[in-house]
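# Structural overview for review
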Amino acid sequence: MVSKLPDGNPQAPAWQALATLQQAEVSTPLAQRFADDPRRAQRFSRELGPLFIDYSKQHISDDIAQALLALASAQELPDKLRAMHQNEATNNTEGRSANYRALRAWACKQHSDDRDIDAMYQHMAQLANQLRSGEARSATGARYTHIVNIGIGGSDFGPRLFTEALQEHGDSAFSVHFLANIDPSCANQLLATLPPESTLFIIASKSFGTQETLANAAAARDWLQQALPGKDVYEQFIAITSKPAAAAALGVKEARILAVPDWVGGRFSVWSGFGLAVAANYGWEAFCDILRGGVEVDEHVANSPLADNIPATLALLDVWYRNSWGFTSQTVLPYCHRLKQLPDYLQQLFMESAGKAVERDGTALQRASGGVIWGSEGTNGQHSFHQLLHQGSDVIPCDFIAVLQAERPLADQQQALLANCFAQSLALMNGKAAADIEQELLAAGENPASAATLARHKAMPGNRPSTTILMESLTPRALGALVALYEYRLICASFVWNINPFDQWGVELGKQISRQLLGAMQGESTSGLDSSTEQLLARARQALK
């Protein structure tokens, strides 16, 4: 069991040193740091496998780096990472390990000493190859042309991100779709576009009790039964779950049930059998390349001194900004259309993991943790919310992510895309002073009185931090490395905060209550409910008569 941190007091020496440094940093503009140090960019940039990470536009210096390392040591970060990699019960509230490194390592040897991992990947490879080769056929004997992944949360975000990200790079074998929301319009809209005789449904649910997933699976089954009368429609279902018996009870055939170890958490599960849609669509070797990209980050974290550990460095900056600067959110801006799902993926990864207010032992946290993660693909965001980033009253650290080479270049659009990406981080750092703008306005003939006022509206404070992550091309390896980088960043920050990032009890209460209210909506007693909920239920019952 991982031990409790030695000192959770926010005024402990390591925390206090960072708070003191923050007071000094406010008066040190980032632009000035670059002017003072011609090698700053090189000193605060690193290569990690296929990724290039430039964090030189962050509020960091040698003194700050040393203070951050002191905090990491005081909070036992290296020991916690080591314990996780040694299969200790890092997820202490559920008594489970969280060694996702063991999942990814399978790709290098095509074998694992863990029987459950080995059995999962062997079966997953078999299913993926059978689907891709056409050996697996539908209830009508037709070759599959469409795959629908039915899942929600981690069973949806990961496969959806990976499928969309590799669209131009990979050799797609199917038209892949995703069905997550319980809103009936989602299932109706999708099913209306599919050929029933050649569509495969993957029911992805760790517990095989997720309300949304089971409802959509039932809708798919009913649709197939109506479209293919007399056929065994369960030939067109695969289940991915840690509860094989529940999948079998629903009717899924044993050979089509892919068992996943129970300790694999949903938001970390794309590395496991829950990535089947990706493996079938792009091929088993492509999926293994994703795993190998993650392995490069695993090895970096396991074997690098803390001072050279890139995910830990980014995590420590996150912690410092949250606790000493008071920043409450950060934004992720992929300047790559194929990565447009990344902010959604990271929202779950970070906010479901770090949205905690108690330490590992259940005592109240004495500092803030977590924060809001948000964003969108880059150039769209420039015409949406970048005004807030540049001139808003809140400072919001940014991650810019860019792919240098387009898979299918079109004129000079890739150059323009990259120029926009780099310009945003530069503008956030440098800003533009009102005095300079006023002089420009006067030179352009503006009235002196209005020039001063208008300049204040146009001024941008600058000194706003960002990191830029580059990759040559969006390959499976690069994608795996990128996601693993963010995973470790989240895990390292959580370990410094002394919270458990692997459970998610906060999402359970709403699920329990929704089941109770569903019964009430269907006529069961509503005694004990508040008047607001009662009137909402009454209106719903009336509308659904």
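From a predicted model like this one, the values you see are computed outputs, not experimental measurements. (Residues numbered from 1 in each chain as written. Predicted model: local features only at pLDDT ≥ 70, side-chain atom pairs only at ≥ 80, totals over all residues. Heavy atoms only, no water.)

### Some points on the overall build of the protein
- Scanning the protein for helices and strands turns up 23 helices and 11 strands.
- Taking 545 residues into account, the globule formula puts the C-alpha radius of gyration at 24 Å, and the protein, at 26 Å, falls close to it.
- Expressed along its principal axes, the backbone C-alpha trace of the protein runs to roughly 80 × 60 × 55 Å.
- Within the protein, contacts between residues separated by at least 24 positions form 75% of all contacts whose residues are at least 6 apart in sequence. (Helix = DSSP H or I, 4+ residues; strand = E, 2+ residues; numbered from the N terminus. Rg over C-alpha atoms; globule rule 2.2 N^0.38 Å. Contact = heavy atoms within 4.5 Å.)

### What about the sheet that holds strand S1 (residues 45-48)?
- Across the sheet, six strands lie side by side as S1-S2-S11-S10-S8-S9; this open sheet has mixed pairing. Each end of this open sheet is capped by a strand with a single partner; those strands are S1 and strand S9 (372-375). On average, each strand axis in the sheet is tilted by 20° relative to the strand beside it, whichever way the strands run.
- Alignment of strand S8 (residues 329-335) against S9, held across four bridges, turns out to be parallel. Opposite valine 332, over in S9, you have glycine 375 as the bridge partner.
- Sheet strands touched by helix H15 (residues 342-354): S8, S9 and strand S10 (398-403). Its angle to S9, the strand with the most contacts, is close to 175°. (Pairing = 2+ DSSP bridges. Axes fitted to C-alpha atoms, helices over the stretch in contact; angles between N-to-C directions.)

### Some words on the sheet that holds strand S5 (residues 199-204)
- Pairing is parallel in the open sheet, where five strands are placed in the order S4-S3-S5-S6-S7. Each having just a single partner strand, strand S4 (175-179) and strand S7 (257-259) make up the two edges of the open sheet. Recorded for the sheet is a direction-independent mean angle of 20° between the axes of neighbouring strands.
- By the bridge criterion, four bridges tie S5 to strand S6 (residues 237-241) in an arrangement that is parallel. The residue bridging isoleucine 203 from the neighbouring strand is alanine 239, located in S6.
- Each of strand S3 (146-150), S4 and S5 is contacted by helix H8 (residues 154-165), which is oriented at about 155° to S4, the strand it contacts most.

### With respect to the pattern of salt bridges
- Using the criterion set out here, one finds 22 salt bridges in the structure.
- As a salt-bridge pair, arginine 292 and glutamate 285 come within 2.8 Å of each other at their nearest N and O atoms.
- The network of salt bridges with common partners includes Asp37, Arg43 and Asp62. (Salt bridge = Lys/Arg side-chain N within 4 Å of Asp/Glu carboxyl O.)

### Regarding the pairing of S3
- When you tally the buried positions in S3, you get five out of five residues, the bulk of the element.
- Where S3 and S4 come together, five bridges link them in parallel fashion. In the sheet register, asparagine 149 faces S4, and the bridge partner there is phenylalanine 178.
- The parallel pair S3 and S4 is bridged by H8, and the resulting crossover is right-handed.
- Both S3 and S5 contribute to a ladder of five bridges, which runs parallel. Across the sheet, residue isoleucine 150 finds its bridge partner in S5, namely isoleucine 203. (Buried < 20%, exposed > 50% of the residue type's maximum accessible area, 1.4 Å probe, protein only. Right-handed = clockwise from strand over helix to strand, strands pointing away.)

### A look at the environment of arginine 82
- Residue placement: arginine 82 occurs in helix H5 (residues 77-85).
- Its relative accessible area of 43% is what places arginine 82 among the partly exposed residues.
- In sequence terms arginine 82 and alanine 302 are 220 residues apart; their C-alpha atoms lie 7.5 Å from each other.

### A closer look at the environment of isoleucine 257
- Secondary-structure assignment places isoleucine 257 in strand S7.
- Owing to a relative accessible area of 8%, isoleucine 257 belongs among the buried residues under this scheme.
- In the structure, isoleucine 257 is positioned 55 residues away from isoleucine 202 in sequence and 9.7 Å away in space, judged by C-alpha atoms.
- Those residues in contact with isoleucine 257 that lie beyond four places of it in its chain are His123, Ala239, Thr241, Pro244, Ala247, Ala248 and Val252.

### Looking at the confidence of the model for the protein
- On average, residues of the protein carry a pLDDT of 94, and 98% of them reach 70 or more.
- This model gives residues 1-8 a pLDDT under 50, and the stretch forms 32 contacts once residues within four places in sequence are excluded. (pLDDT = per-residue confidence, 0-100.)

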